[in-house]
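# Fold and geometry: a report
Chain by chain, the residues run as shown.
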Amino acid sequence: MEKDYRYIERLIREHGEELIAFGRRLFACPEPGFKEVKSNEILTSFFLKNGIACRNDLSLTGIRADIGSGAGYHIALVADMDALLVKEGEKSYPIHSCGHSIQTAVMAYVLKLLKESGIVERLGGTVSFIATPAEEFIDLDFREELVRQGRIVSCSGKQDMIAHGVFDDIDCVLSMHINGDTDTLFDVGSTLTGFMVKKAVFQGRAAHSGAAPHLGRNALHGASLFLDALAYLKDRFPVEAGVQIHPVLSSCSGSMNVIPDEAVLESYVRANTLEDLMEAGEQFDRCAIHCAQALGLECRIENRTGYMPLRQSDGLNRLIAQHMLEIGGEEKLVRNVVSGASGDIGDLAYLLPTVQFGFSGMRGRFHSGEFEIIDEENAYLHTAQIVMKTVCDLLSHEELQVRNVDYAERKAFYLKNWLRQSL
């Protein structure tokens, strides 16, 4: 195994300039979710040029490329494809200000090196590169129109791929994401919060606010009472549950002399575990409905599916951390960060043993035009080394191979209760 590690390190050094150039090319091609047409073309051309067959029409713009026997332990190298839209003044433009182009370049290039080196062929098993579109939770009107047209079933790329069976033959998932830490090289074992999106529509009856307010039913009063109820609701969860509910009044009908007959409150509901998230969502609904009933109003709840909390595989994280320590030592490694951010990698982690390790190498703010990659060695070469060595570990040692034996049951629950699909 030590011989394989040294070979992998040498191989990545030899291909370093080409890998970085590939990453720069993808970084210069930012496209929002389900619009990653040029990125799809670049990746498809890359795989075909290197003799790797791929399917490039998954969830509109997603890609999957496989190497290996098609049998044995099956590892997925999963990468996000999409960019963000950043607004400056009256203009908006796409930019890879969350670093997704890095993970896409690294994982695609690792697959190429695994094929050319013959590592997978020698060790047995299967490795797949899967590029997933539309991780960023943006541009939702466009995505919901795609759903109405029947072109996708979910507004997230991973969720849509899960629903269509893209991950059904996978045993574990390796993924990565850039972080904003400038003092360390890596993080491992971090969590992401889960969220759902709620809209509470309070409906009453309009009336003249001066002459006959008693003939009306003030929808704004229901929304106001609901705000108080939500403030008390958050106290029902311990701090470590991470429950966050910060509603906004997004619309209210009427004018100063008319009792409003409709008021709309919208909010994300966030929590650190799926159980707490589902419970908080149910309590949100009960508060809204009963506050409305107390004042003789109607209330309609509209739900938009968000992302599940991320809980990573301990077994995979141990392997990842081992290879991080070979590069930088414990002082350059951060463990078990609790993050308030979210990602659809959490949905995959509910179904399959999954890691999403973090790496440094940027400056400027995430999700802004300031984002810049400044440490290409760590962002591209060190991460590729970690991924390749971990693949080698998993294919070489059966005792390290983690699986979710209840995948089918979990997926059935996921489709019915989270995506609300019956495919």
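Scope of this entry: the structure provided in the associated data block. As the structure is a computational prediction, the values presented were derived from the model and not from experiment.

Conventions adopted
Residues numbered from 1 in each chain as written. Predicted model: local features only at pLDDT ≥ 70, side-chain atom pairs only at ≥ 80, totals over all residues. Heavy atoms only, no water. Helix = DSSP H or I, 4+ residues; strand = E, 2+ residues; numbered from the N terminus. Rg over C-alpha atoms; globule rule 2.2 N^0.38 Å. Buried < 20%, exposed > 50% of the residue type's maximum accessible area, 1.4 Å probe, protein only. Contact = heavy atoms within 4.5 Å. Areas by Shrake-Rupley, 256 points an atom, 1.4 Å probe, with all protein chains shown as cover. Lys, Arg positive; Asp, Glu negative; His and termini not counted. Charge placed at Lys NZ, Arg CZ, Asp CG, Glu CD. Expected span 1.5 Å × (residues − 1). Polar contact = N/O pair within 3.5 Å; in protein donor to acceptor, adjacent residues only side chain to side chain. Phe/Tyr/Trp six-rings, centres within 6.5 Å; stacked < 30°, edge-to-face > 60°. 1 Å grid on protein atoms, 1.4 Å probe; cavity = no way out; pocket = protein on both sides within 12 Å on 5 of 7 lines; lining within 4 Å. Points joined across faces, edges and corners; volume = space filled by probe spheres on them. Nonpolar A, V, L, I, M, F, W, Y, C, P; charged D, E, K, R; others polar. Arc of directions from axis to C-beta. Core = buried A, V, L, I, M, F, W, Y, C linked by side-chain atoms within 4.5 Å. Salt bridge = Lys/Arg side-chain N within 4 Å of Asp/Glu carboxyl O.

## Details of the overall build of the protein chain
Looking only at helices and strands, the protein chain has 13 helices and 17 strands in total. Taken over C-alpha atoms, the radius of gyration comes to 24 Å for the protein chain, in line with the 22 Å a tight globule of 423 residues would show. Over its C-alpha atoms, taken along the principal directions, the protein chain stretches across nearly 85 × 45 × 45 Å. Within the protein chain, the proportion of its 423 residues that are buried is 55%. Once local pairs closer than 6 in sequence are excluded, the contacts in the protein chain between residues at least 24 apart make up 79%. Just so you have it, the protein chain exposes about 18,300 Å², and 49% of that area is on carbon and sulfur atoms. In the protein chain, 42 positive and 59 negative side-chain charges are present, and the distance between their average locations comes to 2 Å.

## Concerning helix H8 (residues 219-233)
With 15 residues, H8 should cover 21 Å at 1.5 Å per step; its first-to-last C-alpha distance of 21 Å lies within 8% of that length. Looking at the buried residues of H8, the elements they touch are strand E9 (194-203), strand E10 (244-245), strand E11 (248-252), strand E12 (262-271) and helix H9 (274-294). Where H8 begins, the capping side chain belongs to Asn 218, and its oxygen is found 2.9 Å from the backbone nitrogen of Leu 220.

## As for the packing of aromatic side chains
Applying the stated criterion across every chain, the model contains 14 aromatic pairs. Relative to Phe 46, the ring of Phe 22 has its centre 4.4 Å away and its plane inclined at 20°; by these criteria the two rings are stacked. Separated by 24 residues along the polypeptide, Phe 22 in helix H2 (residues 16-27) and Phe 46 in helix H3 (residues 37-49) bring together distant segments of the chain. For Phe 22, a relative accessible area of 7% gives the class buried. Arranged with centres 6.2 Å apart and planes meeting at 45°, the rings of Tyr 350 and Phe 413 form a pair that is tilted. Of the two residues, Tyr 350 is situated in helix H11 (residues 345-351) and Phe 413 in helix H13 (residues 407-418); the sequence distance between them amounts to 63 residues. Residue Phe 413 is classed as partly exposed on the basis of its relative accessible area, which comes to 34%.

## A closer look at empty space enclosed by the protein
Using the criterion set out here, one finds one cavity of 30 Å³ or more in the structure. If you add up the space inside the largest cavity, you get close to 40 Å³. Taken together, Leu 26, Ser 39, Asp 80, Met 81, His 96, His 100, Ser 101 and Thr 104 make up the lining of the largest cavity. Across the lining of the largest cavity, the residue classes break down as two nonpolar, five polar and one charged.

## Side note on H13
When we look at burial in H13, the residues that qualify are Tyr 407, Lys 411, Tyr 414, Leu 415 and Trp 418. Summarising the axial view, the buried residues of H13 lie within an arc of 115°, below the 170-degree limit, and thus occupy one face. Exposed side chains of H13 directed beyond 90 degrees from the buried face belong to Ala 408, Glu 409 and Lys 416. Of the surrounding elements, those touching the buried residues of H13 are helix H7 (157-163), E9, H9, strand E13 (298-307) and H11. Residue Arg 420 follows H13 closely and has a positive phi angle near 60°.

## Observations regarding the side chain of Asn 378
Mapped onto the fold, Asn 378 is located in helix H12 (residues 376-396). At 3.0 Å, the side chain of Asn 378 forms a polar contact with the backbone oxygen of Ser 360. For Asn 378, the contacting residues outside a window of four places in its chain are Leu 185, Phe 186, Phe 359, Ser 360 and Thr 383.

## Focus on the nonpolar core
Formed by 66 residues in total, the largest nonpolar core has its most connected members in Ile 75, Val 127, Phe 129 and Tyr 380. Tallying contributions element by element places H12 first for this core, with eleven residues. Ignoring anything within four residues of it in the chain, the contact list for Val 127 reads Ala 65, Asp 66, Ile 67, Ile 75, Leu 77, Leu 111, Leu 114, Val 120, Val 391 and Leu 395.

## Observations concerning the pattern of salt bridges
This model, assessed by the stated rule, comprises 25 salt bridges. Asp 4 is the partner of Arg 122 in a salt bridge, and the nearest nitrogen-oxygen pair spans 3.0 Å. Of the two residues, Arg 122 is situated in helix H5 (residues 119-123) and Asp 4 in helix H1 (residues 2-14); the sequence distance between them amounts to 118 residues. With a closest N to O distance of 3.0 Å, Lys 35 and Asp 139 form a salt bridge. Of this pair, Lys 35 sits in the loop between H2 and H3 while Asp 139 is found in the loop between strand E6 (126-132) and helix H6 (140-148), placing the two residues 104 residues apart along the sequence. In this structure, a network of salt bridges that share partners links the residues Glu 9, Glu 326 and Lys 389.

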